[in-house]
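A look at the structure
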Amino acid sequence: MKRYLPLAIVLLAAADLFAVRHAVFETDVYNRTFPLERKDTFAFSPVSAEIDCVLAAESLETIPRANVAESMGVLVEFSGVYVPVLERLAVRTNGFSFVSARGFCLPDLTHCRADYCQQIQRDYGAAVMPLMPVKGVESWFRASMDGEMEDFSVPVTAETADRYSFYDLVSVRAEWLEPFPTSNVRRLKFAAADGKSVPLDFMSDVRVADSWDEHDYAVLKLPLRDGCFFYALLPNEGVDLALVREDFSSMEIESFLTRTGEAPVGNFHREPTVIALPRLAIDCRTDMTSALQSFRLPTSSLNRLCNGVAAREFVQRVVFRLTECGPNETCGEKPPERQIAVKDATRRMILNRPFLFFVFDGKTKTIPVAGQFTGVATGTKVEDGKKKDKKS
């Protein structure tokens, strides 16, 4: 028995390393999709983008497929890794909802191999469908999203109908493990990234929470239901959000996820904290084509899918909602026995200026949603204090 022990240790260590690898790759996708200088509010699903990479990689020949797998750190069959992730995310009954639909829309289905269509449908629930008529595509996505994106549309024209498109729709609704009392909701001023002061509804409470201080920002970690956690990275006064974005990277993500209160040292706090953060309701559409290409994914050479047809767009649309309590809950007043008195020395985490956020799923070790909240509308570009419309 003893001779098998070293092998078991090696296998367990490899499993732990790969669990971290999910978040590492997903953070890279996030950063390559969104430039540091973006000042608007946005939301993105790193885990869904990772699955998008797998769908495209499954259509490649052996060597290009291996290149993508190497970039992702996957040394086994994709389905063995990602089917369990999708099965876990499909569970919507425990206070965390992840509704998604993915599909390729082709100008000519004769280019696509039948075995590929069957494979991605069987393993990943993704579809391959004709681009025209557009109403058929829109109907499939709306039905697959169970009413979460009834306004979804495909902006195709006759000039672009000769290229394929890919759409990844994601709706994430998270619920706090301990709801915020609705009686504590306050209308407060948010110092937006465009220099304006915006009145917003804030969830607020005094509760024991985990937080810690870095050089230029503070991190707040709060438990959500079903084994998930909400992280917020709040820049110190006068620190630009882009500087904090540099720390939310594949090099640093493991340090965020491994901070616990088991042995709090230095700048770690687990103590009563005054917390206030805006209600989050974000709807963001993002073209990922250039980001995916940076991982050696040749979007115009998906041989089993489109036989050299160029990509028109590779889009992810995310809707993220996080409010004081779940849609079917009542959480009016906090019971007196659970209320915590505020003292002068009580720690405060008031998210009333631009901050980064992400949700980590402890069961799959993935990041279902990440983004930033700046008080500036999604898809709006800020230059020299002036706003210009820009398609996200």
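Located above this text is the structure these notes cover.
Everything numeric in this text was worked out from a predicted model, so none of it was measured. (Residues numbered from 1 in each chain as written. Predicted model: local features only at pLDDT ≥ 70, side-chain atom pairs only at ≥ 80, totals over all residues. Heavy atoms only, no water.)

Take the overall build of the protein next. Across its full length, the protein carries nine helices and 16 strands. Summarising the internal contacts of the protein: among those between residues at least 6 apart in sequence, 76% fall at separations of at least 24. Working note: accessible area of the protein is about 17,800 Å², and carbon and sulfur atoms make up 54% of it. (Helix = DSSP H or I, 4+ residues; strand = E, 2+ residues; numbered from the N terminus. Contact = heavy atoms within 4.5 Å. Areas by Shrake-Rupley, 256 points an atom, 1.4 Å probe, with all protein chains shown as cover.)

Tallied over the entire structure, the rule returns 31 salt bridges. In this structure, Lys39 and Asp240 form a salt bridge, with 2.8 Å as the shortest nitrogen-oxygen distance. Remark: Asp240 occurs in the loop between β8 (228–235) and α7 (241–245) and Lys39 occurs in the loop between α1 (5–33) and β1 (42–44); sequence separation between them is 201 residues. Note on Lys39: relative accessible area 25%, which makes it partly exposed. Among the salt bridges present, the one from Arg304 reaches Asp115, with a minimum N-O distance of 3.4 Å. With a gap of 189 residues between them, Arg304 in the loop between α9 (289–293) and β11 (311–322) and Asp115 in helix α5 (residues 114–124) connect regions that are remote in the sequence. Residue classification places Asp115 among the partly exposed positions, given a relative accessible area of 35%. Each of the salt bridges in this network shares a partner with another, and the network as a whole consists of Glu178, Asp205, Arg207, Lys334 and Arg338. (Salt bridge = Lys/Arg side-chain N within 4 Å of Asp/Glu carboxyl O. Buried < 20%, exposed > 50% of the residue type's maximum accessible area, 1.4 Å probe, protein only.)

Contact geometry for helix α2 (residues 46–57) and helix α4 (residues 78–89): axes closest at 11 Å, N-to-C directions at 140 degrees. With respect to α4, the element α2 is oriented oblique. Our pair here, α2 against α4, has a crossing hand that is left-handed. Contact with α2, carried on its side by Val47, Glu50, Ile51, Val54 and Ala57, involves Phe78, Tyr82, Val85, Leu86 and Leu89 of α4 and no other residues of that element. (Axes fitted to C-alpha atoms, helices over the stretch in contact; angles between N-to-C directions. Parallel < 35°, antiparallel > 145°, perpendicular 65-115°, else oblique. Left-handed = near helix turned anticlockwise from the far one by under 90°.)

Quick look at the pairing of strand β13 (residues 355–361) now. Where burial is concerned, most of β13 is hidden: seven out of the seven residues are buried. Residue alternation in β13 divides its side chains into two sets, Phe355, Phe357, Val359 and Asp361 and Leu356, Phe358 and Phe360, and both sets are buried. As paired elements, β8 and β13 share six bridges and run antiparallel to each other. Paired with Cys228 across the strands is Asp361, a residue of β13. Inspection of the sheet shows β13 paired to strand β14 (residues 366–373) by six bridges, in the antiparallel sense. Looking at the pairing, Leu356 lines up with Gln372 of β14. Here β13 hands over to β14 after four residues, with Lys365 in that stretch at a positive phi of 60 degrees. (Pairing = 2+ DSSP bridges.)

Note on helix geometry: an α-helix contains 3.6 residues per turn, so any two residues three or four positions apart are oriented the same way. Those residues of α5 that sit buried are Tyr116, Gln119, Ile120, Asp123 and Tyr124. The buried residues of α5 occupy an angular sector of 90 degrees when projected down its axis, which confines them to one face. Of the residues in α5, the exposed ones pointing more than 90 degrees away from the buried face are Gln118 and Arg122. On the buried face of α5, the contacting elements are α2, α4, β2 (96–106) and β3 (127–130). Positive phi appears at Gly125, one or two residues downstream of α5, with a value of about 70 degrees. (Arc of directions from axis to C-beta.)

Relative to the helices and strands, Thr366 resides in strand β14. A polar atom in the side chain of Thr366 sits 2.6 Å from the side chain of Thr364. (Polar contact = N/O pair within 3.5 Å; in protein donor to acceptor, adjacent residues only side chain to side chain.)

What follows concerns the sheet that holds β11. If you walk across this open sheet you meet the five strands as β3-β2-β4-β11-β10, and the pairing is mixed. The open sheet has two edge strands with one neighbour each: β3 and β10 (280–287). Strand-to-strand twist across the sheet, computed as the mean angle between neighbouring axes with direction ignored, equals 15 degrees. On the sheet, α2 packs against β2, β4 (164–174) and β11 and is oriented at approximately 30 degrees with respect to β2. On top of the sheet, helix α6 (residues 134–144) reaches β2, β3 and β4; it is set at about 160 degrees to β2, its chief contact.

Counting 103 residues, the largest nonpolar core has Phe104, Tyr164, Phe230, Leu305, Phe320 and Phe358 as its most contacted members. No other element matches the eight residues that α2 contributes to this core. Val99, Ala101, Tyr167 and Val315 belong to the second largest nonpolar core, which has 18 residues in total. (Core = buried A, V, L, I, M, F, W, Y, C linked by side-chain atoms within 4.5 Å.)

Every buried residue of helix α3 (residues 62–72) is accounted for by Arg65, Val68, Ala69, Ser71 and Met72. Along the axis of α3, the buried residues cluster in a sector spanning 160 degrees; they form a single face. Exposed and facing more than 90 degrees away from the buried side of α3 are Thr62, Ile63 and Glu70.

A cis amide bond, omega 5 degrees, links Met132 with the succeeding residue Pro133. You can see Pro133 is positioned in the loop between β3 and α6. Backbone geometry places Asp226, a non-glycine residue, at a positive phi of 65 degrees. Relative to the helices and strands, Asp226 resides in the loop between β7 (217–223) and β8. Here the phi dihedral of Lys365 falls at roughly 60 degrees; this positive angle occurs in a residue that is not glycine. Tracing the sequence through the fold places Lys365 in the loop between β13 and β14.

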